[in-house]
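Residue-level listing of the chains:
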Amino acid sequence: MDAEAAYVFRHALMRDAAYELHVPSDRTRLHELAFHLIEQLFGGPAPEPAWQWGPRDPWQSHPTDAAAEELARHAAESLAGQSDHPLQTALLRYLRRAAEVAQRQFRNDTAMRMWGDLASRLAGPRRAQALLRQAAVARDSGRLEAALALAEQSGREASDSRGEGAANSDACTILLHLGRVAQAEEAGERAVALLRGCGERGTLADALGNLANVHRSRGRMEDAEKLNREALAVWRELGNHAGETRALGNLVAVYRETGRIEQSDKLNNEVIARVREAGDRGGQALALAIGGANAHDMGNAEAAERLFRQALQLAREAGNRRIEGYITSSLARVFGDTARTELEVQYLQAALATHRETGDRLYQATVLGNLAIAHEQAGNLAKAEQLHVESLALLRQTGHRAQEAISLANIAGLYNATGRSAEAEQMYREALQVARETRSRRFEGVTLYNLASVCLETGRTTEAEDLFTQALAVHREVGNRRSESIALAGLAQLHWRNGRRDEAESSLSRALALATEVGSVFTQGELLCDTAIFALLGGRETAAREAWKNGVHLLSPPGGRQLLQNKIARMREACLAAGFPPLDGGAE
């Protein structure tokens with residue numbers, strides 16, 4: 001047996017016992033010897049990474065990176081409390097490199113520990129920089145409160161405007177995720193002012209993008225777009241490809257939320273190509289998720305699911321819990337639209353748990369609202385109302401105006417379904433006002449349709465027709481084909497009520513074709529039931545029974561049962577009026 005094989009310890013306790021047999025002075029010399037042997041084996045000393053507040057230079061890898069943690073450990077053990085030891089500088093260098101490598105490999109726990117160890121051995125600006133890098137790892141891995149504490153500590157210990165501005169910029173983003181939007185805006189404004197004053201261009205561009213995200217969350221889309229364009233110009237001036245990609249990604253979100261879906265999708269494809277080229281898995285996850293959201297809005301459920309699944313895998317690989325929660329809830333929406341209700345609820349509950357774990361209050365509120373809708377569709381209206389109210393309260397605490405409009409409309413829909421039409425109309429009008437204030441064109445169209453439906457139900461057909469027409473125009477403008485099919489169905493009901501039966505059946509036929517094309521299962525089921533009811537009232541019993549059978553089949557899953565019950569009541573009224581017996585299937 002060779003000597004190396006004989007020296008392998010079979011148990012950790014034996015290894016530790018042998019280690020303790022050496023006197024301390026011998027141990028420190030052995031650690032120093034091990035350090036030098038390993039360093040030479042991996043090609044000699046690594047270069048000292050640059051320290052800077054602004055965007056980091058591309059990482060210059062070195063063969064010792066594979067052993068950076070081990071080199072740092074041997075260097076630390078060799079010091080034996082000596083601050084003037086020759087390996088003191090090497091220890092700091094390899095701690096830094098080990099932290100960088102772990103962060104880039106998404107080993108977040110190791111990166112947190114290494115940045116923390118490094119910070120504890122530094123003072124002044126470098127300590128503040130190490131704390132801020134530790135805060136970034138904490139933020140991306142979903143430890144938001146810890147991230148905020150580290151960013152604030154970094155700001156206190158920074159010795160100049162650049163450092164204080166960079167710390168406030170990071171705090172701005174963390175506070176936004178925590179739902180403390182007013183404080184996020186204060187931190188963002190302070191960061192931009194400090195960084196403009198010291199001429200730090202790259203860090204300023206980051207701060208401009210972070211502040212733009214706050215404005216977007218508060219519905220100030222023009223301000224958000226202006227700041228993102230300024231940031232983009234700075235990145236291009238500096239020739240910073242990664243920063244330019246981040247600014248383009250922020251513009252993608254602005255285009256999406258202001259209804260420019262095709263423009264958003266086109267730019268997002270460019271962002272996806274950029275982050276893939278850079279090997280940025282976290283960036284890929286977010287860009288693919290936005291692509292999935294755009295595909296979902298444009299009615300391509302298959303593409304949306306594919307993109308969301310790819311994004312979810314990348315987010316998990318990157319260890320980014322916050323983005324993972326967002327993508328999980330987005331995927332749940334696709335399951336809901338394609339009648340996979342159990343999966344929808346399962347994914348929503350998983351997303352809610354993740355957001356609660358990370359402390360992301362904004363996305364908690366969003367998922368609560370989506371869970372409320374799932375309960376509403378299953379007929380559990382009391383639970384749905386409770387969740388809607390929780391969601392709205394949380395959104396008002398965070399100050400996210402655009403999302404607040406969606407929550408108001410969700411509650412209005414529940415009020416309308418439970419016979420509280422006056423309260424529903426009031427909340428729809430409030431939601432419409434907020435949607436217009438925040439320039440959320442896509443949601444403006446959805447709310448116009450909902451308000452039109454209330455007007456139709458309360459006999460104001462002229463006002464309803466005007467609102468349906470406005471809704472259709474907005475849906476077509478922003479490319480929201482799923483909602484376009486629903487608005488056409490509403491217009492069909494209005495035409496039928498006004499005695500314009502040919503127009504009614506034409507609108508309903510177009511609505512059904514569009515819903516089938518985009519794969520919205522429950523909407524198809526509802527429209528087939530409506531087709532059956534129109535056929536009954538027109539005296540076409542055979543056609544009615546065929547359409548009704550197909551509609552009932554699509555509405556049979558748990559998420560469609562409440563929708564089916566609503567259609568059954570209308571079907572029975574139509575059968576009574578036309579003199580036919582009730583149709584089979586789902587009628588009991």
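The preceding data block contains the structure.
It should be emphasised that the depicted structure is a prediction, and the values quoted were computed from it without experimental measurement.

Novice: Honestly, the overall build of the chain in this entry has me stumped. Any pointers?
Specialist: Of regular secondary structure, the chain possesses 29 helices and zero strands. Along the longest, intermediate and shortest principal axes, the C-alpha atoms of the chain span 100 × 65 × 40 Å. Relative to its full complement of 588 residues, the chain shows a buried share of 56%. When contacts within the chain are restricted to residue pairs at least 6 apart in sequence, those whose partners lie at least 24 apart make up 58%. Taken together, the 70 basic and 77 acidic charged side chains of the chain have centroids lying 1 Å from each other.

Novice: Can you help me understand the packing of helix 7 (residues 124-140) against helix 8 (residues 144-157) in this one?
Specialist: Interaxial distance between helix 7 and helix 8 falls to 8 Å at its minimum, and their mutual angle equals 165 degrees. Between helix 7 and helix 8, the angle is such that the two are roughly antiparallel. Handedness of the helix 7/helix 8 crossing: left-handed. Residue-level contacts link G124, R127, A128, L131, L132, Q134, A135, A138 and R139 of helix 7 to L144, A146, A147, L150, A151, Q153, S154 and E157 of helix 8. Its residues placed into classes, the contact of helix 7 with helix 8 shows ten nonpolar, four polar and three charged.

Novice: I'm lost on the environment of L554 in this one. Help?
Specialist: Tracing the sequence through the fold places L554 in helix 28 (residues 541-554). Put simply, L554 and V271 are 283 residues apart on the chain and 38 Å apart in space, counted from C-alpha to C-alpha. When sequence neighbours within four positions are dropped, the list of residues in contact with L554 reads V521, F522, Q524, G525 and L528.

Novice: What exactly am I supposed to notice about a nonpolar patch on the surface here?
Specialist: Together, L30, L33 and L37 line one region of the surface with nonpolar side chains, adding up to about 290 Å² of accessible area. Position of L33 relative to the elements: it lies in helix 3 (residues 24-41).

Novice: Can you walk me through the pattern of salt bridges in this structure?
Specialist: Two side chains of opposite charge can pair, provided their charged atoms sit close to one another. For the structure on display, the rule yields 44 salt bridges. A salt bridge links E463 to R429, with the shortest nitrogen-to-oxygen separation between them at 2.9 Å. In this pair, E463 sits in helix 24 (residues 461-478) while R429 sits in helix 22 (residues 421-437), placing the two residues 34 residues apart along the sequence. Take E463: its relative accessible area is 31%, and that puts it in the partly exposed class. For R429, a relative accessible area of 35% corresponds to the partly exposed category.

Novice: Is there a simple way to think about the side chain of H355 in this case?
Specialist: Mapped onto the elements, H355 comes out in helix 18 (residues 341-358). Here H355 falls in the buried class, since its relative accessible area comes to 0%. Beyond its immediate stretch of four places on either side in the chain, H355 contacts R322, G325, Y326, D360, Y363, Q364 and V367.

Novice: Mind showing me how you'd approach the nonpolar core here?
Specialist: Inside soluble globular proteins, nonpolar side chains tend to come together where they are buried. In terms of nonpolar packing, the biggest core is built from 64 residues, with F468, W548 and L583 touching the most fellow members. Residue contributions to this core peak at ten residues, all from helix 27 (residues 521-537). In this structure, A205, L227, V234 and Y255 belong to the second largest nonpolar core, which totals 59 residues.

Novice: In this structure, what is going on with helix 16 (residues 301-318)? I would like to understand it.
Specialist: Each turn of an α-helix holds 3.6 residues, which means side chains three or four residues apart point in the same direction. An ideal rise of 1.5 Å per residue puts 26 Å on 18 residues; helix 16 measures up with 25 Å between its terminal C-alpha atoms. Listing the buried residues of helix 16 in full gives A301, A303, A304, E305, L307, F308, A311, L312, L314, A315 and A318. G319, located one to two residues past helix 16, shows a positive phi value of around 70 degrees.

Novice: It is not clear to me how the packing of aromatic side chains should be interpreted in this structure. Could you clarify?
Specialist: For any pair of aromatic rings, geometry is given as the distance between the ring centres together with the angle between the planes. Taken as a whole, this structure holds five aromatic pairs when the rule is applied. Aromatic side chains F35 and Y94 sit 5.8 Å apart centroid to centroid with 70 degrees between the ring planes, which places their arrangement in the edge-to-face category. Here Y94 lies in helix 5 (residues 88-104) and F35 lies in helix 3, a separation of 59 residues in the sequence. Judged by relative accessible area, which is 0%, Y94 ranks as buried.

Novice: Whenever I open this one, the side chain of T173 confuses me. Can you help?
Specialist: Assignment of secondary structure puts T173 in helix 9 (residues 161-177). Beyond its immediate sequence surroundings of up to four residues, T173 is in contact with R139 and N210.

Novice: Please explain helix 11 (residues 201-217) as it appears in this structure.
Specialist: With 17 residues, helix 11 should cover 24 Å at 1.5 Å per step; its first-to-last C-alpha distance of 25 Å lies within 8% of that length. The buried fraction of helix 11 amounts to 15 of the 17 residues, a majority that puts the element mostly inside the structure. Positive backbone phi, approximately 85 degrees, marks G219, located one or two places after helix 11.

Novice: Explain the environment of Q426 here, please?
Specialist: Mapped onto the elements, Q426 comes out in helix 22. Distance in space between the C-alpha atoms of Q426 and D280 is 46 Å, their sequence separation being 146 residues.

So, how was this worked out
- Residues numbered from 1 in each chain as written.
- Predicted model: local features only at pLDDT ≥ 70, side-chain atom pairs only at ≥ 80, totals over all residues.
- Heavy atoms only, no water.
- Helix = DSSP H or I, 4+ residues; strand = E, 2+ residues; numbered from the N terminus.
- Buried < 20%, exposed > 50% of the residue type's maximum accessible area, 1.4 Å probe, protein only.
- Contact = heavy atoms within 4.5 Å.
- Lys, Arg positive; Asp, Glu negative; His and termini not counted.
- Charge placed at Lys NZ, Arg CZ, Asp CG, Glu CD.
- Axes fitted to C-alpha atoms, helices over the stretch in contact; angles between N-to-C directions.
- Parallel < 35°, antiparallel > 145°, perpendicular 65-115°, else oblique.
- Left-handed = near helix turned anticlockwise from the far one by under 90°.
- Nonpolar A, V, L, I, M, F, W, Y, C, P; charged D, E, K, R; others polar.
- Patch = residues over 30% accessible without salt bridge, like charges linked within 9 Å, V, L, I, M, F, W, Y side chains within 5 Å.
- Areas by Shrake-Rupley, 256 points an atom, 1.4 Å probe, with all protein chains shown as cover.
- Salt bridge = Lys/Arg side-chain N within 4 Å of Asp/Glu carboxyl O.
- Core = buried A, V, L, I, M, F, W, Y, C linked by side-chain atoms within 4.5 Å.
- Expected span 1.5 Å × (residues − 1).
- Phe/Tyr/Trp six-rings, centres within 6.5 Å; stacked < 30°, edge-to-face > 60°.

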